[in-house]
Amino acid sequence: AKRAGGKRHAFFRKELADQAHRHLALDRDLRAALARGEFQLHYQPKVSLIDQSLEGFEALLRWDKPGFGMISPGEFIPVAEDTGFIVPLGDWVLDEACRQLREWIDRGLEPVPVAVNISPRHLRQRSAEDFRRIIDRHRLSPDLVELEITEGAVMQDMDHALSVLAALKAMGIRVAVDDFGTGHSSLSYLKRLPVTTLKIDRSFVNGVPSEREDNGIVSTIIAMADMLGLDVVAEGVEKQEQANFLRHHNCTLVQGWLTGRPVPAGQAADLLAMRLRR
Ligand code: C2E
Ligand code: CA
Ligand code: CA
Ligand code: CA
């Protein structure tokens, strides 16, 4: 028994060492990728179900790794969060989204708000002024920028998060709670959160309208947002039946493959230009 235990111990030690090694290697690659300009943002439209109008974009990170093609954030964000690289990377994302907005404005396009994802560790290490400074650098109105945070990011350091969110709100920077419904928010907690928008997680939208539980959860979140005076966006809308259900329950803002996949900046500019011609 002693031998077996020792073996198992050695096995776990090796697993951990392998994982640490993989993380270190990927961390090194990510830092080099940022320096070489291999990251880019794609933009997914947020669309109104009432008139199909473009109401905003979410900026989504892509790594265009030479020889590998486009690598999705699910594969490297968790490691970047783990090693701390998410902080400079997250600053880059916000700066790049703002730079892009400024370029669109300078080309005469009428801009829509752009949302960027702020990871828990990034939020913990930055103040509202830090975010504001990046937006100011590009001479943008603060209400053109939305920060998407998860419930988990707030829970991890409640005092810091609440003070940052309050300061952001005072500056006019919009804040959305991402993946809403997957965390542990209670109504009383939500009431204290100075945010502007709830984004209903894709996992609930997915089951609508065939799963009774999902119908209940989604319609309750919509009603709750309405009661608290918050905007609500449904994520991951893929089918017309889902859009019909959402519209019927007074959720008119959606983001998903039905109304538009994430596209490179050039195509996002085309969407903005079409909007101008309406
Ligand atoms: P998220 O913030 O929940 O972003 C939405 C994800 O759902 C995106 O995946 C988007 O492409 C995908 N999606 C949108 N509509 C649909 C749909 O109709 N069906 C399905 N099946 N999927 C849809 P993506 O771009 O792979 O990003 C995954 C996650 O990576 C994001 O989830 C976010 O948590 C994280 N992420 C992406 N970009 C950034 C970033 O710049 N910073 C940070 N910290 N995290 C990021
Ligand atoms: Ca998001
Ligand atoms: Ca989300
Ligand atoms: Ca998600």
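To be clear, the structure that these remarks concern was listed above.
Presented here is an overview of the structure given in this document. (Residues numbered from 1 in each chain as written. Chains lettered and ligands numbered in written order. Predicted model: local features only at pLDDT ≥ 70, side-chain atom pairs only at ≥ 80, totals over all residues. Heavy atoms only, no water.)

## Some points on the coordination of the calcium ion (ligand 3)
And step 1. Here the calcium ion (ligand 3) is held by the protein donor atoms Asp178 (OD), Asp179 (OD), Glu235 (OE) and Glu235 (OE), which lie 2.2 to 2.5 Å from it.
And step 2. Each donor residue of the calcium ion (ligand 3) belongs to the same chain, with the gaps between them written as D-D-x55-E.
And step 3. If you look at the calcium ion (ligand 3) and the calcium ion (ligand 2), they sit 3.9 Å from each other and are both ligated by Asp178. In this pair, Asp179 is assigned in strand E6 (residues 174-180) and Glu235 in strand E8 (residues 231-235), connecting sequence segments 56 residues apart.
And step 4. Under the relative-accessibility criterion, Asp179 is labelled partly exposed at 26%.
And step 5. Owing to a relative accessible area of 11%, Glu235 belongs among the buried residues under this scheme. (Donors = N, O, S within 2.8 Å, 3.2 Å for Na, K, Ca; no water. Helix = DSSP H or I, 4+ residues; strand = E, 2+ residues; numbered from the N terminus. Buried < 20%, exposed > 50% of the residue type's maximum accessible area, 1.4 Å probe, protein only.)

## Structural notes on the coordination of the calcium ion (ligand 2)
And step 1. All of the protein donors around the calcium ion (ligand 2) are Glu58 (OE), Asn117 (OD1), Glu148 (OE) and Asp178 (OD); their distances to the metal are 2.2 to 2.3 Å.
And step 2. When the donor residues of the calcium ion (ligand 2) are listed from N- to C-terminus, their spacing reads E-x58-N-x30-E-x29-D.

## Structural notes on the pairing of E6
The two faces of the sheet receive side chains in turn, since in a regular strand these alternate between them.
And step 1. Among the seven residues in E6, five count as buried, and that is most of the element.
And step 2. As paired strands, E6 and strand E7 (residues 197-200) are joined by three bridges and run parallel to one another. The partner of Phe180 across the bridge, within E7, is Ile200.
And step 3. Read from E6 through helix H8 (residues 187-192) to E7, the crossover connection turns out right-handed. (Pairing = 2+ DSSP bridges. Right-handed = clockwise from strand over helix to strand, strands pointing away.)

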